[in-house]
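Residues per chain, in single letters:
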Amino acid sequence: MIKTAIFPVAGRGTRLRPVTLCVPKELLPVYTTPLLQFAIDEARDAGIERFVFVTSADKPAIEHYVRTCHPGIDARFVEQAAPLGLGHAVLSGRAAARDGEEVEQPVAVILPDDLIFATVPVLAQMARAYDPALCQHMVAAMKVRPEDTASYGILDSDMPAPGRQIAVRGLVEKPSPSDAPSNLAVVGRYILHPTIFETLMTTGRGAGGEIQLTDAIQRDVQRLGVGAFRFEGIRYDCGQPDGLLEAASALQDVRDMVRTGSAA
Ligand code: G1P
């Protein structure tokens, strides 16, 4: 049912400088595999057929990678004209995502720097649980340390059981710990009702002076219902060096287990 995914890949990777001055963060390897490759694999596993990459003119290597490694997929490249935030990036993908379809379908959004290792890939977990009769926007959610709320979209919601979703009362982008309604955070997987684009068009700048996807979803809470999906898996913040290293180390452990036949 969910056929289109938007990949916001225009970010400047400031937390990973200097390498990101010449290599897009999405092409940095975890062990030997670029972050973007994990995101494409996850999307394919969830049944995605149309891949919309919202990129920037100074990152031509992204298109080069996709065209070279995935010549057969329906890949569309859209330029985000200005770095105005995640909401703006998703809105920039609107025309490519829609393509004049008569019946509009929900759209997935995948942030490649949120790398999640899971037995069942997270977008597939979400697609399986997505039920528009319950909630029309769904966000992946995980518990974070209370002192880290200012790095995430934070949910006003009860904590769902792993593998389950629960209704969201509200969302706040990057609140300080004292203002955070919980320590349940949004991570970079979304299944969104297609009218998110209309909501984004009238969403003003929020935290950091950027147009925030979190704010647009918050505005749709009453109209559409929003679900927090607590995925099963381990997430690595590969937008920063320690996360990249930890993810690579986890892959190395798996490789070693396979090689030695141990189930340690
Ligand atoms: C973005 C979103 C935020 C979300 C986070 C997950 O923030 O704006 O709501 O919690 O991704 O990684 P960013 O990390 O791009 O600043």
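A few points on the structure. Here the structure is a predicted model, which means the values were calculated and not measured.

So, the pairing of strand 4 (residues 50–55)
In terms of burial, strand 4 is a largely internal element, six of the six residues being buried. Residues of strand 4 alternate between two faces, with Arg-50, Val-52 and Val-54 on one and Phe-51, Phe-53 and Thr-55 on the opposite face, all of them buried. Sheet topology note: the strand 1 (residues 4–8)/strand 4 ladder contains five bridges and is parallel. Within strand 4, the position partnered with Pro-8 by the bridge is Val-54. Sheet topology note: the strand 4/strand 5 (residues 74–79) ladder contains six bridges and is parallel. By the bridge assignment, Phe-53 is partnered in strand 5 with Phe-77.

Quick notes on the site of the ligand
Close contacts around the ligand come from Leu-86, Leu-111, Asp-114, Tyr-152, Gly-153, Glu-173, Lys-174, Val-186, Val-187, Gln-212, Thr-214 and Arg-235, and that covers them all. Gly-153 places a main-chain nitrogen or oxygen 2.9 Å from an oxygen atom of the ligand. A distance of 3.1 Å is found between an oxygen atom of the ligand and a side-chain nitrogen or oxygen belonging to Thr-214. Notes on the ligand: free accessible area 380 Å², of which the protein chains cover 78%. With respect to the detected pockets, the ligand is housed in the largest pocket. In terms of residue class, the shell around the ligand is built from five nonpolar, three polar and four charged.

Describing the layout of surface pockets
Of the pockets and cavities examined, the largest pocket occupies roughly 1300 Å³. As for the largest pocket, its lining consists of 43 residues, and the residues nearest its centre are Arg-15, Lys-25, Leu-111, Asp-113 and Lys-174. Residue contributions to the lining of the largest pocket peak at four residues, all from strand 12 (residues 184–192). For the lining of the largest pocket, the per-class residue count stands at 18 nonpolar, twelve polar and 13 charged.

What about the nonpolar core?
Counting 39 residues, the largest nonpolar core has Phe-7, Leu-36, Ile-48, Phe-51, Phe-53, Val-66 and Phe-231 as the members making the most contacts within it. Apart from the residues lying within four places of it in its own chain, the contact partners of Phe-53 are Phe-7, Val-9, Leu-36, Ile-40, Val-66, Ala-75, Arg-76, Phe-77 and Val-78. In terms of nonpolar packing, the next biggest core, distinct from the first, is built from 30 residues, Ala-97, Leu-111, Ile-196 and Val-226 among them.

Focus: the environment of Ala-124
On the secondary structure map, Ala-124 appears in helix 5 (residues 122–129). Here the alpha-carbon distance between Ala-124 and Ala-43, two residues 81 residues apart in the chain, equals 7.9 Å.

Structural notes on unusual backbone geometry
In this structure, Pro-18 follows Arg-17 across a cis peptide bond, with omega equal to 10°. Its identity is not glycine, yet Tyr-31 carries a phi of approximately 65°, on the positive side. As for its position among the elements, Tyr-31 is in the loop between strand 2 (29–30) and strand 3 (33–34). Under the relative-accessibility criterion, Tyr-31 is labelled partly exposed at 36%.

Describing the environment of Gly-85
Within the secondary structure, Gly-85 is located in the loop between strand 5 and helix 3 (86–92). Each C-alpha atom of the pair Gly-85 and Gly-11 lies 8.6 Å from the other, and the pair is 74 residues apart in sequence. If we ignore the near neighbours within four places in the chain, the residues touching Gly-85 are Gln-80, Glu-210 and Ile-211.

Here we look at helix 5
All of the buried residues in helix 5 are Val-122, Leu-123, Ala-124, Gln-125 and Met-126. In this fold, the buried residues of helix 5 make contact with helix 1 (35–45), strand 6 (107–110), strand 7 (114–117), strand 8 (137–143), strand 12 and strand 13 (226–230).

Remarks on the packing of helix 1 against helix 2 (residues 60–69)
Packed helices, taken two at a time, are described by the angle their axes make and the gap between the axes. For the pair helix 1 and helix 2, interaxial distance at closest approach is 11 Å and the crossing angle is 50°. Taken together, the axis directions place helix 1 and helix 2 in an arrangement best described as oblique. Relative to helix 2, helix 1 is oriented so that their crossing is right-handed. In contact with Leu-36, Gln-37 and Ile-40 of helix 1, helix 2 contributes Ile-62, Tyr-65 and Val-66. The residue makeup of the contact of helix 1 with helix 2, split by class, is five nonpolar, one polar and no charged.

About the cut-offs
- Residues numbered from 1 in each chain as written.
- Predicted model: local features only at pLDDT ≥ 70, side-chain atom pairs only at ≥ 80, totals over all residues.
- Heavy atoms only, no water.
- Buried < 20%, exposed > 50% of the residue type's maximum accessible area, 1.4 Å probe, protein only.
- Helix = DSSP H or I, 4+ residues; strand = E, 2+ residues; numbered from the N terminus.
- Pairing = 2+ DSSP bridges.
- Near = heavy atom within 4 Å.
- Polar contact = N/O pair within 3.5 Å; in protein donor to acceptor, adjacent residues only side chain to side chain.
- Areas by Shrake-Rupley, 256 points an atom, 1.4 Å probe, with all protein chains shown as cover.
- 1 Å grid on protein atoms, 1.4 Å probe; cavity = no way out; pocket = protein on both sides within 12 Å on 5 of 7 lines; lining within 4 Å.
- Sits in = over half its atoms within 2 Å of the grid points.
- Nonpolar A, V, L, I, M, F, W, Y, C, P; charged D, E, K, R; others polar.
- Points joined across faces, edges and corners; volume = space filled by probe spheres on them.
- Core = buried A, V, L, I, M, F, W, Y, C linked by side-chain atoms within 4.5 Å.
- Contact = heavy atoms within 4.5 Å.
- Axes fitted to C-alpha atoms, helices over the stretch in contact; angles between N-to-C directions.
- Parallel < 35°, antiparallel > 145°, perpendicular 65-115°, else oblique.
- Left-handed = near helix turned anticlockwise from the far one by under 90°.

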